[in-house]
Amino acid sequence: MYKGAIAIVILLLLSTFAGCKTMKAADQKTDQLFEQVVDAINENDMEAAYALTIQELIDKEKFAKDFDAIQALWGEEMDYEYVQAGIKMEVEPGLKIYIATYVVTKGDDTNFVVTISRAEYKTGQEGIYNLNIQPAVIQEAA
């Protein structure tokens, strides 16, 4: 009886650690993609940003218009820092979706909340399919 219960606990622990390792690797991929797209925004390089998307899902003309709006919000090129506020994964047949939220602070103390959605297909195709940037007000603890 105890051996069976111990085996179940060990299997649960191993599957939890495997899930954490998979999420950490996905987290790194999402972080890299986030850095690349924010660098493209910071450098006003729409083509580089568009190249990071799943182009079959994103109309280039609409993306260009949206990029102009993001660029107007973002402002001039400047150093920035970011912290990942959270990530979640959704699984569908043949598809994993990672949705990560970041808090970005530019050198002029302008803050943004950036949410990036990255799809990873079983076929190996992956990229951004949604990007949302909003101004943020960060309140420091008293």
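For the structure given in this document, a descriptive report is provided here. Keep in mind that this is a model prediction, so the values were computed, not measured.

### Section: the side chain of N42
Summarising the element assignment, N42 is placed in helix α1 (residues 2-42). A polar atom in the side chain of N42 sits 2.9 Å from the side chain of W74. In terms of polar contacts, N42 uses its side chain to reach the backbone carbonyl oxygen of M78, at 2.8 Å. Every residue in contact with N42, bar those within four places of it in the chain, is listed here: W74, E76, E77, M78 and Y80.

### What about the sheet that holds strand β1 (residues 80-92)?
Here we have four strands laid out as an open sheet, ordered β1-β2-β3-β4, and antiparallel in their pairing. Pairing within the sheet leaves two strands with one partner each, and these edge strands are β1 and β4 (126-136). Taken pair by pair, the neighbouring strands of this sheet meet at an average axis angle of 15 degrees, ignoring direction. Alignment of β1 against strand β2 (residues 95-106), held across 12 bridges, turns out to be antiparallel. Bridging across to β2, Q84 finds its partner in Y102. Against the sheet, helix α3 (residues 60-74) makes contact with β1, β2, β3 (111-121) and β4, and its axis sits at roughly 40 degrees relative to β4, the strand it touches most.

### Remarks on unusual backbone geometry
Despite not being glycine, N44 has its phi angle at roughly 55 degrees, a positive value. Within the secondary structure layout, N44 lies in the loop between α1 and α2 (46-51).

Procedures and definitions
- Residues numbered from 1 in each chain as written.
- Predicted model: local features only at pLDDT ≥ 70, side-chain atom pairs only at ≥ 80, totals over all residues.
- Heavy atoms only, no water.
- Helix = DSSP H or I, 4+ residues; strand = E, 2+ residues; numbered from the N terminus.
- Polar contact = N/O pair within 3.5 Å; in protein donor to acceptor, adjacent residues only side chain to side chain.
- Contact = heavy atoms within 4.5 Å.
- Pairing = 2+ DSSP bridges.
- Axes fitted to C-alpha atoms, helices over the stretch in contact; angles between N-to-C directions.

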